[in-house]
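One letter stands for each residue in the lines below.
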Amino acid sequence: MSHFDNELNSLLKLDGPTGGPAMRWQRKAKEVGGCANVSMNKSLNSSAITSPMKVSNRSFGASKTPSKTPGGNGKSKTPSRTPGGSIRTKTPGKGKSKTPTRTPGGDRFIPNRSATNFDMGSFKLLDSSAAGENTNPELMSPSKLEYQRAMAENLNGDLMNSKILCYKNKPPSAPEGYQNNLKVLYSQNRTPGSTKKTVRHIPQQPERILDAPDMLDDYYLNLIDWSCHNHLAVALANNVYLWNAASGDIKQLLQLEGPEDYVTSVSWITEGNYLAVGTSGGEVQLWDIENAKRLRCMAGHAARVGALSWNSYVLSSGSRSGTIHHHDVRVAQHHIGTLSAHLQEVCGLKWSPDGRYLASGGNDNLLNIWPTFSATPCNVPIYTLNQHQAAVKALAWCPWQPSLLASGGGTADRHIRFWNCNTGVCLSSVDTKSQVCALLWSKEYKELISAHGFAQNQLVVWKYPTMVRIAELLGHTSRILHMAMSPDGSTVVSAAADETLRLWKCFAASEKTKKEKSALKAKFPDSTIGRRQNIR
């Protein structure tokens, strides 16, 4: 009863600020400051985890001053509400006083420092503590700690143990060939790397297609060759035709008399005025192109002559019997040497540009490197290379490195191999996935082109020494058996079993080279530098 009387007396008193109950901020001030702070921190911490965006937008500072009531006129305005929700008024009178803006510890926001743990911040967004559970690791059970650790590893992986800044480990090295894109911002005299032309244009269609009826589908023969005077010799059955690439004229050079005879190989001398022709009867004929006349017929082979190669005035010929003959075309007794190391047909034969080595490939899967000829030639090769697993027909010497030889194997091998003929070491090899029938080096670029048979029937341009495929030229419907290059080195002609010849302009000279050649020609219009005297 005494409690009710006290409450009733407090309500009847009129000497207080408003004659009513105490203000909310006054009641809070009477409470214990420490307990209020702890409770508010807990509530704020919970709300910071569950809805961080709302907490960041909410103001926990001092409340605004309520609207004033004019004193001395007997009028008063409706008390205004503070952001905390309590009603605050002013005491009527002449003097003016302001409502306290801050309590000793009730409304000031004190953030919980555990919420700023950046290492675990992303995990705590999904932690079960959002539901109101205790987040102090010291008060958690071991099973709860293990659960949180497993969840953190699954959600963040290695991010839990990593830092934004690390001073112990060195930065990873850039991959080989990497170029910083920001480098172009500071280059003034150089073309930006993004605008450089990395790969030159190679036409994918042949420049011209010629019919070649009755071309023999025989892997072991060599039936086309291109002279320095721009004449292309093509052997079709028992005939040899000459095509003038400059004018387009075609003329028949010869026709074998025997009904069963056929032409097995053709090869131009370096000067381009004589053509050597091998036949199925084992003969080697020498023809004068200007007069369309046969100069001599050199016998000696016991089987067909499928490969020919010139070294100055000496003509080397390889036959089906496995022997190689050297012929000095200047003298009556033309036969000056015999090489016998192959067990089967010789299908590839090439002299090096400097005349030091002769490379021969045979159907016995062997590649032999021979020394230069002499009055008493040695019958033993310098190197016998047996890495190929099929017949070796495709042979090509590098024009800028005379001791570098490229060789290609047949269907069972399919590899292009590169040899250092000074040491006999295989420098590298590449699997072409197809039969290699012919190889040619470019005179303008560090590239080579290969002709393939089963089963792709395509030409492939390779970048040396990386052996990256630059282009693939398609069009032939049967295996490409032979290749030859134009005198200027810009065009390659391919002959296939589909009885067509296709001309590909795959090594066109660059603009810089064209300007240099035109300037040299203008300076020396009648120059004979580099020409060799014709053999008469």
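The rules behind these values
Residues numbered from 1 in each chain as written. Predicted model: local features only at pLDDT ≥ 70, side-chain atom pairs only at ≥ 80, totals over all residues. Heavy atoms only, no water. Helix = DSSP H or I, 4+ residues; strand = E, 2+ residues; numbered from the N terminus. Contact = heavy atoms within 4.5 Å. Areas by Shrake-Rupley, 256 points an atom, 1.4 Å probe, with all protein chains shown as cover. Pairing = 2+ DSSP bridges. Axes fitted to C-alpha atoms, helices over the stretch in contact; angles between N-to-C directions. pLDDT = per-residue confidence, 0-100. Salt bridge = Lys/Arg side-chain N within 4 Å of Asp/Glu carboxyl O. Buried < 20%, exposed > 50% of the residue type's maximum accessible area, 1.4 Å probe, protein only. Patch = residues over 30% accessible without salt bridge, like charges linked within 9 Å, V, L, I, M, F, W, Y side chains within 5 Å. Lys, Arg positive; Asp, Glu negative; His and termini not counted. Charge placed at Lys NZ, Arg CZ, Asp CG, Glu CD. Core = buried A, V, L, I, M, F, W, Y, C linked by side-chain atoms within 4.5 Å. Polar contact = N/O pair within 3.5 Å; in protein donor to acceptor, adjacent residues only side chain to side chain.

**A few points about the overall build of the protein chain**
Regarding its fold elements, the protein chain presents 7 helices and 30 strands. When contacts within the protein chain are restricted to residue pairs at least 6 apart in sequence, those whose partners lie at least 24 apart make up 47%. By element, 53% of the accessible surface of the protein chain is carried by carbon and sulfur atoms, the whole surface being about 31,400 Å².

**What about the sheet that holds strand β3 (residues 208–211)?**
In spatial order, the strands read β3-β30-β29-β28; together these 4 strands make up an open sheet with antiparallel pairing. A single partner strand is all that each edge strand has here, and the edge strands are β3 and β28 (480–485). In this sheet, neighbouring strand axes are inclined to one another by 20° on average, regardless of whether the strands run parallel or antiparallel. Examined bridge by bridge, strand β29 (residues 492–496) and strand β30 (residues 500–504) share 4 bridges and lie antiparallel to one another. Within β30, the position partnered with Val 493 by the bridge is Leu 503.

**Some remarks on the confidence of the model for the protein chain**
On average, residues of the protein chain carry a pLDDT of 78, and 62% of them reach 70 or more. Predicted confidence for residues 38–99 stays below pLDDT 50, and this span has 68 contacts to residues more than four positions away or in other chains. Low pLDDT, under 50, characterises residues 190–196; the predicted model gives this stretch 5 contacts beyond four residues in sequence or across chains.

**Observations concerning the pattern of salt bridges**
With the rule as written, the count across this model stands at 11 salt bridges. Among the salt bridges present, the one from Arg 417 reaches Asp 413, with a minimum N-O distance of 3.3 Å. Side by side, Arg 417 and Asp 413 carry an identical accessibility label, which is buried. For the salt bridge of Lys 433 with Asp 431, the shortest nitrogen-to-oxygen distance reads 3.3 Å. On the basis of relative accessible area, Asp 431 is assigned to the partly exposed category, the value being 24%. The structure contains a network of salt bridges with shared partners spanning Asp 218, Arg 304, Arg 320 and Glu 345.

**Things to note about a negative patch on the surface**
Residues Glu 257, Glu 260, Asp 261 and Glu 283 make up a contiguous surface patch of negative charge. For Glu 283, the position within the fold is in the loop between β9 (274–279) and β10 (284–288). For Glu 283, a relative accessible area of 30% gives the class partly exposed.

**A short note on the pairing of strand β5 (residues 231–236)**
With 5 of its 6 residues buried, β5 lies for the most part within the structure. The hairpin turn running from strand β4 (residues 224–226) into β5, its antiparallel successor, is 4 residues long, and Asn 230 in that turn takes a positive phi close to 70°. The pairing of β5 with strand β6 (residues 239–244) spans 6 bridges and is antiparallel. Within β6, the residue paired with Ala 235 across the bridge is Val 240. Once β5 ends, the chain turns through 2 residues before running back antiparallel as β6, passing Ala 237 with a positive phi of about 60°.

**Digging into unusual backbone geometry**
Cis rather than trans, the peptide bond between Phe 454 and Ala 455 has omega equal to 5°. The backbone of Glu 499 sits at a positive phi, close to 65°, despite the residue not being glycine. As for its position among the elements, Glu 499 is in the loop between β29 and β30.

**Here's the deal with the pairing of strand β26 (residues 459–463)**
Along β26, 4 of the 5 residues are buried, which leaves the element largely enclosed by surrounding structure. Two strands pair when backbone bridges link them, and strand β25 (residues 447–452) and β26 are joined in this way by 5 bridges, in the antiparallel orientation. Among the inter-strand pairings, Ala 451 is bridged to a residue of β26, identified as Leu 459. Between β25 and the antiparallel strand that follows it, β26, lie 6 residues; Asn 457 among them carries a positive phi value of about 60°. Direction of pairing for β26 relative to strand β27 (residues 468–473): antiparallel, over a ladder of 5 bridges. Pairing of Val 460 across the sheet is with Glu 472, part of β27. Count of turn residues in the β26/β27 antiparallel hairpin: 4 residues, of which Met 467 carries a positive phi of about 55°.

**A few points about the nonpolar core**
If you look at the biggest cluster of nonpolar residues, it comprises 30 residues, and the most contacted ones within it are Met 215, Val 240, Leu 275 and Leu 501. With 5 residues, β5 is the largest single contributor of residues to this core. Ignoring anything within four residues of it in the chain, the contact list for Val 240 reads Val 234, Ala 235, Lys 251, Gln 252, Leu 253, Leu 254, Val 263, Val 266, Leu 275 and Val 277. Formed by 18 residues, the second largest nonpolar core is a distinct cluster that contains Met 483, Ala 496, Trp 504 and Phe 507.

**Here we look at the environment of Leu 427**
Assignment of secondary structure puts Leu 427 in strand β23 (residues 425–431). For Leu 427, the residues in contact, after removing those within four places along its chain, are Leu 404, Phe 418, Trp 419, Asn 420 and Tyr 464.

**Structural notes on the side chain of Ser 442**
With respect to the element layout, Ser 442 can be found in the loop between β24 (436–441) and β25. Setting aside chain neighbours within four positions, we find Ser 442 in contact with Pro 399, Trp 400, Glu 447, Leu 448, Met 485 and Phe 507.

**Quick look at the environment of Ser 247**
Looking at the secondary structure, you find Ser 247 in the loop between β6 and β7 (250–255). A residue is classified by how much of its surface remains accessible, and Ser 247, at 46% relative accessible area, is partly exposed. Taking the C-alpha atoms as reference, Ser 247 lies 10.0 Å from His 231; in sequence the two are 16 residues apart. A polar contact of 3.3 Å, which involves the side chain of Ser 247, links it to the side chain of Asn 244. Within the local environment of Ser 247, its side chain forms a polar contact with the side chain of Asp 249, the two groups lying 3.1 Å apart.

**As for the side chain of Arg 502**
Turning to its location among the elements, Arg 502 is positioned in strand β30. A distance of 3.3 Å separates a polar atom in the side chain of Arg 502 from the backbone oxygen of Gly 475. For Arg 502, the residues in contact, after removing those within four places along its chain, are Pro 206, Arg 208, Ile 209, Gly 475, His 476, Val 492, Val 493 and Ser 494.

**What to know about the sheet that holds strand β13 (residues 314–319)**
What the 4 strands build is an open sheet, ordered β12-β13-β14-β15; its pairing is antiparallel. The open sheet is flanked by β12 (305–311) and β15 (335–340), the only strands paired with a single partner. Neighbour-to-neighbour, the strand axes of this sheet turn through a mean angle of 20°, independent of strand direction. Inspection of the sheet shows strand β14 (residues 323–328) paired to β15 by 5 bridges, in the antiparallel sense. The residue bridging Thr 323 from the neighbouring strand is Ser 340, located in β15.

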